Every structure is written in C-alpha cells, then in structure tokens.
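Observations on the model geometry
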Amino acid sequence: MPTPDRRQFLKTATAATAATAAASIVPFSIGAPKGRRALETVNIGVVGTGGRGSGACNDTLTINDNVRLVAMGNLRAEKAMKTRDALKEAHGEKVSVEDQNIFGGLDAYEKVIDHPDVDLVMLTTSPGFRPWHIERAVQAGKHVFAEKPVCLDPAGWHACRRSQEQAIAQGTAIVTGTQYRRQKNYVEAIKRINEGMIGEPMSATARYCSTGIWYRDREPGMSDAEYQLRNWMHFIWLSGDQISEQAVHNIDVMNWIFGNPERCFATGGRFTRPEDSEMWDQMTVDYYYPGNKLISFRCRQVPGTTVDPHNVIYGTEGACYIKAINGGASIVDKNGEDVWAMRGNIGAAYRQEHKDLVDSIVAGQPIVELQQTADSSLTAAMGRMSAYSGKEMTWDFMTNTSELDTFKHDLTIDQAMESPGYAMPGEWKLT
Ligand SMILES: NC(=O)c1ccc[n+]([C@@H]2O[C@H](COP(=O)([O-])OP(=O)(O)OC[C@H]3O[C@@H](n4cnc5c(N)ncnc54)[C@H](O)[C@@H]3O)[C@@H](O)[C@H]2O)c1
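Residues numbered from 1 in each chain as written. Predicted model: local features only at pLDDT ≥ 70, side-chain atom pairs only at ≥ 80, totals over all residues.

What follows deals with the overall build of the protein chain. Scanning the protein chain for helices and strands turns up 15 helices and 17 strands. Counting only C-alpha atoms, the protein chain reaches 65 × 55 × 40 Å along its principal axes. The proportion of buried residues among the 431 residues of the protein chain is 49%. Look at the contacts in the protein chain between residues 6 or more apart in sequence, and 76% of them connect residues 24 or more apart. (Helix = DSSP H or I, 4+ residues; strand = E, 2+ residues; numbered from the N terminus. Buried ≥ 20, exposed ≤ 12 C-beta atoms within 10 Å, placed from the backbone. Contact = placed C-beta atoms within 7 Å.)

What follows is the structure, given as structure tokens:
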C-alpha cells in the first residue's frame, strides 16, 4: 500500500474543508443521563425477527459479554420462536427468552417495549413502522437500536426529531443501523478528506446499482394487509422504494461529508418490476449541497446487471474512492497517483455499532445519533419525491412545508387495502 505524503496534501487544506469537518467529526450527540442508573447487564428485546433482526441479535450477542436477549416480537410469533432457538444454540445462556415473552401480531412491539425486563429495544421490522416504533420506545424510556432507514417521509422525520430531543433530555440511547459510520475504511477515508488530503471536496458520484431484489408471492387466504406486510419491499409506504430502503447507505455517507443537501432534481423509471410492485427500478438524483456542490447519485435494481454500490469524492487536489461492503478505500492525488489505501470489513462494522451502543449505556453516556440518520433518510425521501413528481424538491419544503405521512396509522391485519400503483411523474401529487 502506498504511503501518503501527508505534508503535501495537508498544505492544501482550506477553510471550507474545516467547515465540512465540523459537520462530520463529531458524529453523534451524547445524551446527558438524568438520574438514570447505568446498567451492568443490558436486557434486550427485539421487534422484527427477519433477516436483519436475527443478524442484529447475533451481532450484539457476539460482540457484547454483558447483554441478554429476553423478549421478542414479530408479526408471526412462530418465526420469532425459530429465531430464538437458533440464537440459543449459538449463544447459550445469553438467550433467555421464555415462550411467554415471545409476542406475535401488530401490537407485539408494544408488548416488547413495555416488558419490564427490557432495557434496550432493537427495531428491525420493515421501515414504514420505524419512526413510530422509535417514538413509542423513547416515550417508554427505553434505549433503542433502530435499523435504517428511520423514516420514509416528512411526518416520520418530525417524529424522529421529537425522539432525538426526548432521548437526549431523558438520557436514553439511540444508535442506528448505518454501519458505514463505524466501518474503519470509511472513518479513515473521511478523516483524511477532512484533514485536506484531497483539498476541498467539491463534488461526488454515489451509486447503489445492484441486481434484482426479492419478491414474496401472496399466500392463499391472505388479506391485503397481510400480503403487503409480507411483500413489504414492493409497497412504498413500507419500504420507501430502493432509494430509501437500500441506497440510503450511500446517501448517508454523502451527508456525512457534505452536510444536508439544499435541493435536488431527479428522474427515473421502471422496466423490470413485477406488475403489482409500486417500486421503480432506477432513479438518478442530482443533489445540491451547500456551496452549490453537486452530488450525482443513482440507484438501480435490475437482474443480470453490474453491481456497483461505490462512491467517489472529487476534491481540488485529488479524489477519494470509497467502495462499499468489503471493497476498501483509496485516495489519489490530482495526477492520479495512489497516496493512501485501506481494506474494508463490513462484518466488524455491523458488530461495532452494537458495542458502541451497549458501552455507552453501561458508561451512563448514551449515544443519541437518530437525527443524522433521520436527515439521511429524509434526503432519500426527497430524491424519491422529486423523481415521482418530476419536480425539483427542496430541503426547506421537506422540513418546513410538507406534511406527507405515508404510514397507515389505523392498520389492522385483515384490512382491505388498494395499492395506488407506481408513481407517474407529472401526475403524482406532493400531498
Ligand atoms: N443495515 C443493513 O445493512 C441492513 C441490511 C438488511 C436489512 N436492513 C434493514 O432491516 C430492516 C428489516 O429488513 P429484513 O431484511 O430483516 O426484512 P425481513 O422481511 O426479513 O424481516 C422483517 C421482519 O419484521 C416483521 N415485522 C414486520 N412488521 C412488523 C410489525 N409491525 N411488528 C412486528 N414484526 C413485524 C416481519 O414479520 C419479518 O419477520 C429493514 O429496515 C431493512 O432496510 C438493514
């Protein structure tokens, strides 16, 4: 690996870079505990025991000695029981979930949150529920781990703002599933950007291009609500489309470096989605960040195509390549010569977020990082709303004017629900 000539690049550090650094060096607020006891062992309840819920449980039980899993909730309790059995096999006594502490149905989240033994709630359902589950958990005084995205629309963003403020005031933690914020090659690359190694960051390309995504068929006898909850990726009120559900990872990295965008302009469409899917299969968004810095973003899910979920940040003195998953990061100078590189390890980052969360609770210095992830999630929603409407969208509109609330607050499991179909630009309303 080449050795960077730090002096040469540090010379080029500018005041603007220092301003960017101010937004990203301190990545979260530390909540001030208000008379809360620090815990020695943290008891965990999980809501949503699918792929990521099981993975998050495994991550925290692997990395932390001082945690116990004590309660579980899932739409179908049988699935949570299977997950409990598999985790018990792997982690033994750290998994202490009696059958009566496994809850099913749409109100399972309240039973987990209100369980007197639960200190920390892990929220890993489909995204649409997230801001409302977070709000309920914070109101109950529980520590929270919340998977990304944490909101899909302006109403959810306002709920997150309230939760951030309440968590800081009462001294409870909120850590989010934006693992790249804890992945060493990302942290080191952005540290070097902030130190001036590429000069002033001026623009970037961010991509989340991947192959297809799963589609879950309707089972016989399912109500509309049951079907949409099962096949949640394809219904926008539950997933927010690819840009929110998946590509928010890259958008979060852009916001980490450049702050929040001021406006955006997006296009896109669909060729390959199943007939009843509401998703588009591609979107291109030009995000304008403070200082008129243009970030060219695109996401796409089309079977049989190239996977490229990477980022390039262009500066006045060089460029930084940050590759997703385990791709590593590197910096070149303006002549294209390699000056720094580092390998990536996403598995370690997935575990680190749970270590940081539990350590902060035990130390009585809870991390509260919801706002930054709410902002990234709203940035993704802003791109989607611009693409769907075919109109420019501003941060001011998203945060001060729009009251869009896509969540179905009166949802019941046997509800009849008509899908609005996929959005048509020029017709889709910014309600
Ligand atoms: N950080 C990452 O890299 C990463 C990776 C994968 C998924 N995720 C996120 O994790 C979340 C879950 O994704 P997944 O792949 O595990 O989905 P999944 O479909 O495998 O699991 C979701 C589970 O939640 C349950 N559920 C849904 N609504 C519920 C409710 N209201 N109450 C209780 N249980 C409910 C479902 O029954 C299901 O078991 C999503 O937000 C996704 O974006 C993050």
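For helix α3 (residues 51-63), spanning 13 residues, the distance from its first C-alpha to its last is 18 Å, which sits close to the expected 18 Å at 1.5 Å a residue. Of the surrounding secondary structure, the elements contacted by the buried residues of α3 are β2 (42-47), β3 (67-74), α4 (77-91), β5 (120-123), β6 (143-146) and α13 (346-362). (Expected span 1.5 Å × (residues − 1).)

Around the ligand, 26 residues are found, and the nearest of them are Gly 48, Gly 50, Arg 52, Leu 75 and Thr 125. With three residues, α3 is the single largest residue contributor to the shell around the ligand. Residues belonging to the shell around the ligand are distributed by class as follows: eight nonpolar, 12 polar and six charged. (Near = placed C-beta within 6 Å. Nonpolar A, V, L, I, M, F, W, Y, C, P; charged D, E, K, R; others polar.)

On to the pairing of strand β10 (residues 282-289). Two faces, one strand: in a regular strand the side chains alternate between the faces of the sheet. As defined by bridge partners, strand β9 (residues 263-269) adjoins β10 across seven bridges and the pair is classed as antiparallel. Residue Thr 267 lies in a different strand from β10, and its bridge partner there is Thr 284. Direction of pairing for β10 relative to strand β11 (residues 293-301): antiparallel, over a ladder of eight bridges. Residue pairing across strands places Asp 286 opposite Ser 296, the latter belonging to β11. (Pairing = 2+ DSSP bridges.)

Another point: the sheet that holds β10. Taken in spatial order, the nine strands line up as β15-β14-β13-β12-β8-β11-β10-β9-β17 in an open sheet, and their pairing is mixed. Edge strands, defined here as strands with exactly one partner in the open sheet, are β15 (338-342) and β17 (393-394). Strand direction decides the pairing type here: strand β14 (residues 329-333) and β15, joined by four bridges, are antiparallel. When the sheet's bridge partners are listed, Ser 330 is paired in β15 with Ala 341. Each of β8 (201-210), β10, β11, β12 (311-315) and β13 (318-322) is contacted by helix α12 (residues 248-258), which is oriented at about 170° to β8, the strand it contacts most. Across the sheet, helix α14 (residues 370-389) lies against β9, β10, β11 and β17, angled at about 60° from β9, the strand it touches most. (Axes fitted to C-alpha atoms, helices over the stretch in contact; angles between N-to-C directions.)

In this section: the packing of α12 against α14. Orientation of α12 relative to α14, taken along the N-to-C sense of each, is 115°, at an axis distance of 9 Å. In the crossing of α12 with α14, the sense of the turn from one axis to the other is right-handed. Between α12, through Val 248, Ile 251, Asp 252 and Asn 255, and α14, the contact on the second element is made entirely by Thr 373, Asp 375, Ser 376, Ser 377, Thr 379 and Ala 380. Along the lines of polarity and charge, the residues of the contact of α12 with α14 split into three nonpolar, five polar and two charged. (Left-handed = near helix turned anticlockwise from the far one by under 90°.)

Let's shift gears to the domain arrangement of the protein chain. Partitioning the protein chain into domains gives domain 1 (27-179 + 365-371) and domain 2 (181-344 + 373-401). Computed from C-alpha coordinates alone, the two centres of domain 1 and domain 2 are separated by 25 Å. Each partner contributes residues to the interface: domain 1 has 21 residues there, and domain 2 has 23 residues. Among the elements of the structure, α7 (154-170) and α14 are those that each provide at least two residues to the side of domain 1 that touches domain 2. Among the elements that take part in the side of domain 1 that touches domain 2, α7 stands out by supplying four residues, more than any other. (Domains from an automatic or database assignment.)

Within α12, 11 of the 11 residues are buried, leaving the element largely enclosed by the surrounding structure. Every buried residue of α12 is listed here: Val 248, His 249, Asn 250, Ile 251, Asp 252, Val 253, Met 254, Asn 255, Trp 256, Ile 257 and Phe 258. Remark: Gly 259 follows α12 within two positions and exhibits a positive phi of approximately 85°.

This part takes up the environment of Met 424. Relative to the helices and strands, Met 424 is located in the segment after α15 (395-401). On the neighbour-count criterion, Met 424 (11 C-beta atoms within 10 Å) is exposed. Between the alpha carbons of Met 424 and Ser 389 there is a distance of 7.2 Å; along the sequence they are 35 residues apart.

A word on the nonpolar core. Among the nonpolar cores identified, the biggest contains 102 residues, and Val 112, Val 121 and Val 144 are the most heavily contacted of them. Both of domain 1 (27-179 + 365-371) and domain 2 (181-344 + 373-401) provide at least three residues apiece to this core. With residues up to four places along the chain from it excluded, the contact list for Val 112 reads Gly 45, Val 47, Ala 71, Met 72, Gly 73, Phe 103, Val 118 and Val 121. (Core = buried A, V, L, I, M, F, W, Y, C linked by C-beta atoms within 7 Å.)

So, on to the confidence of the model for the protein chain. On average, residues of the protein chain score 93 in pLDDT, and 92% of them reach the 70 mark or higher. Per-residue pLDDT stays below 50 along residues 1-26; that stretch engages in 39 contacts with residues further than four places along the chain or on separate chains. (pLDDT = per-residue confidence, 0-100.)

In this structure, the amide linkage connecting Lys 148 to the following residue, Pro 149, adopts the cis form with an omega of -20°. Relative to the elements of secondary structure, Pro 149 occurs in the loop between β6 and α7. Residue Asp 241 is not a glycine yet carries a positive backbone phi of 75°. The residue Asp 241 is located in helix α11 (residues 241-245) in this model. The exposure class assigned to Asp 241 is buried, which follows from the 31 C-beta atoms found within 10 Å. Even without being glycine, Ile 325 reaches a positive phi, approximately 55°. Looking at the secondary structure, you find Ile 325 in the loop between β13 and β14. For Ile 325, a count of 14 C-beta atoms within 10 Å corresponds to the partly exposed category.

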